[in-house]
Amino acid sequence: MNAILGVSALFHDAAAALLIDGEVVAAVAEERLSRKKGDPALPKRAIAWCLAEAGITGDVLDAVVFHENPIARASRVFVDCFRNFPESFRQFPVALREELGSKLWVLDELAAAAGVPREQVHAGDHHASHAAYAFYASAADDAAVLTVDGVGERLSTAGYLASRTSGLSTPLFQTNFPHSLGLFYAAFAALLGFEINEGEYKFMGLAAFGEPRFKAEIAKLATVTADGSVRLDRRYFAYETGTSVGYSARMIAEFGEARQPGMPWELGDARDRRYADLAASVQEVLEDRLLDLARILRKKTKSNTLCIAGGVALNAVAIGRLVRESGFENVFVPPGADDAGSAIGAAYNHYVRTQGVAPKPLRDAFLGPAIDRQRAAALGEAFGLSVTRSDAAEAYVARAIAAGKIVALATGRAEFGPRALGHRSLLAPPGPASVREALNRAVKHREPFRPFAPLTRDEDAAGWFGAPPDATTRFMTGLRHVPPVPPGYPEDALAAVTHVDGTARLQTVGEGFVYRVLGELAALGLPPVVLNTSLNGRREPICTRAEDVVAFFRDSQVDALVVEDLILTRR
């Protein structure tokens, strides 16, 4: 047996993943176990769970691989601090505390956490880890691979050619910090009051409510050269000199003062509409620059498949445009394409280097802890909930949705990545629009402009969403335009899952609990579509274990909780 543990940590979205004989058998983000949103800490809980899930201990591991090189990262940080002194003086205390603290000694700490000798712990390469995950998780024999994020050790963007027989090429093009599309997007997100590394997806949702009237000015701030290099106008950004936000005084002077974080949004107000217009402009520029990179990579590789990873790959709107306009026949984004996924990529890379063969593609995203139905039943009874077992739980969920109710569902193993894919989900009717408003206000407690996603069966995707399922619908990583509702159904049948711009982040399924729920809905003469959103509250990670799920239900306004064949309701 060959066993490799991959780990990412100490920036955001820490995770651990276990590869046995080339197959991912367990993977979980630390936040799912610590219950701290975006937890960056060394993932000791995740490591322990991965080993326990496989029934092994550290002495069985062949290697532990960190997703990047901590010495290379620290070198870049300090060189940039010296290069930009005295403007960078505020960064020195932060750099000293972080880079010379736990980050520099992370490999030693990993050896202790995993229970292996220090010589079995290896440093990876940040963008190579992203690239390996993007490619080897797919079923492609060869592909162009694009990695785009904020920054790794030094790279922020890279393009590769990958093959299952010859592996990853050296980068065909690359861009170094501070030139970065991820940091470009994050700076404007911060200007609008969103938290960096956490609020970018809110920024993306807001963009649909605006008009891109600032696009011409913003397009000058981020360009792509003919050879694939990203270039930012550094006068507008403060990543080399600031410590908390990425925008400079020049950005404020040209695009207006920063919005106060946490203030309620009023899109009827002229000031907030202007912020929405800024978001729309930045979003379109990001999409254009990703298209530039994809087309350059297509020309260099002649490949028909594009695999993409890095934090920017979570931008489903941009991925939707890549699907439609990049020229690639197939576009694949793996689940958890941000730093969490690079734990898998680090393990993949080490496996290829040491075994000389390609690892196995991901079968699905259900790599986390399984739900404990007996524990859920015991907790439900302890909290005074009604707990009943049913041989027709799927039919119960369908009838509840038909009646306009919201159902929490926990079944099987938890999803890896930030998307709920039907194993830790809140399910609701896909229309009318009031469903979305009620969910945002009373259950999720979040901004009113945030969209919800539709989920349907593979065989119904073409009829209800205009095209058959593809690589992006499997893991809900792309966007589609929603066509008119089929005849015989209300016009607003999909209003709760259709964003203001007429798009939806579609997921399709071909088997499982939710697949059977959709079949029950169809048998009732209703659309075989449900609204699907993550099973969690505001500022919480997605619920994973029975304790998380039952506690959420107890404190929420959700109508019912279904755990496998158990139905929990309030007395």
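Further up the page is the structure itself.
This text gives an overview of the structure that appears in the document. Nothing here was measured: the structure is a model prediction, and the numbers come from that model.

Definitions and limits used
Residues numbered from 1 in each chain as written. Predicted model: local features only at pLDDT ≥ 70, side-chain atom pairs only at ≥ 80, totals over all residues. Heavy atoms only, no water. Disulfide = S-S within 2.5 Å. Salt bridge = Lys/Arg side-chain N within 4 Å of Asp/Glu carboxyl O. Helix = DSSP H or I, 4+ residues; strand = E, 2+ residues; numbered from the N terminus. Buried < 20%, exposed > 50% of the residue type's maximum accessible area, 1.4 Å probe, protein only. Phe/Tyr/Trp six-rings, centres within 6.5 Å; stacked < 30°, edge-to-face > 60°. Lys NZ or Arg CZ within 6 Å of the ring centre and 35° of its normal. Arc of directions from axis to C-beta. Pairing = 2+ DSSP bridges.

What to know about the state of the cysteines
Logical step 1: Per the counting criterion, the structure on display carries zero disulfides.
Logical step 2: Between Cys-50, a free cysteine, and Cys-543, which holds the nearest cysteine sulfur, the sulfur-to-sulfur gap is 20 Å.

Section: the pattern of salt bridges
Logical step 1: Per the stated rule, a full pass over the model turns up 29 salt bridges.
Logical step 2: Of the charged contacts in the structure, one is a salt bridge between Glu-547 and Arg-375, with a shortest N-O distance of 2.9 Å. Of the two residues, Glu-547 is situated in helix 20 (residues 546-555) and Arg-375 in helix 14 (residues 373-382); the sequence distance between them amounts to 172 residues.
Logical step 3: On the basis of relative accessible area, Arg-375 is assigned to the partly exposed category, the value being 36%.
Logical step 4: It is possible to trace a salt-bridge network through shared partners that takes in Lys-215, Glu-284, Glu-287, Asp-288, Arg-321 and Glu-325.

A look at the packing of aromatic side chains
Logical step 1: All told, the structure shown has 14 aromatic pairs when counted by the stated rule.
Logical step 2: Taking the centre distance of 6.4 Å and the plane angle of 90 degrees together, the rings of Phe-194 and Phe-203 count as edge-to-face. Across the pair, exposure class does not vary: Phe-194 and Phe-203 are buried alike.
Logical step 3: Through pairs of rings, three or more aromatic residues link up here, namely Tyr-185, Phe-194, Phe-203, Phe-209, Trp-265, Tyr-275 and Phe-449.
Logical step 4: Against the face of Trp-265 rests Arg-259, its NZ or CZ located 3.7 Å from the ring centre.

Here we look at helix 5 (residues 106-114)
Each full turn of the α-helix corresponds to 3.6 residues, which orients residues three or four apart in the same direction.
Logical step 1: Looking at helix 5, one finds that the buried residues are Val-106, Leu-107, Leu-110, Ala-111 and Ala-114. Seen from one end, helix 5 has its buried residues packed into an arc of 145 degrees, which puts them on one side.

As for unusual backbone geometry
Logical step 1: Residue Phe-177 is joined to Pro-178 through a cis peptide bond whose omega torsion reads 10 degrees.
Logical step 2: Relative to the elements of secondary structure, Pro-178 occurs in the loop between strand 9 (173-176) and helix 7 (181-191).
Logical step 3: Although it is not a glycine, Asn-197 sits at a positive phi angle of roughly 70 degrees.
Logical step 4: At His-445, a residue that is not glycine, the phi angle is positive and equals roughly 55 degrees.
Logical step 5: Structurally, the position occupied by His-445 is in the loop between helix 16 (433-443) and strand 17 (453-457).

Focus on the pairing of strand 1 (residues 3-8)
Logical step 1: Counted residue by residue, strand 1 has six buried out of six residues, so it is predominantly covered.
Logical step 2: Burial of the side chains of strand 1 extends over both faces: Ala-3, Leu-5 and Val-7 are buried on one face and Ile-4, Gly-6 and Ser-8 on the other.
Logical step 3: Pairing geometry for strand 1 and strand 2 (residues 15-20), over six bridges, is antiparallel. Directly across from Gly-6, in strand 2, lies its bridge partner Ala-17.
Logical step 4: The hairpin formed by strand 1 and strand 2 contains six residues between the paired strands, and Leu-10 there has a positive phi angle of roughly 75 degrees.
Logical step 5: Bridging between strand 1 and strand 4 (residues 63-66) involves four bridges; their strand directions are parallel. Each residue of the ladder has a partner; that of Gly-6, found in strand 4, is Val-65.

These figures capture arrangement, not role.
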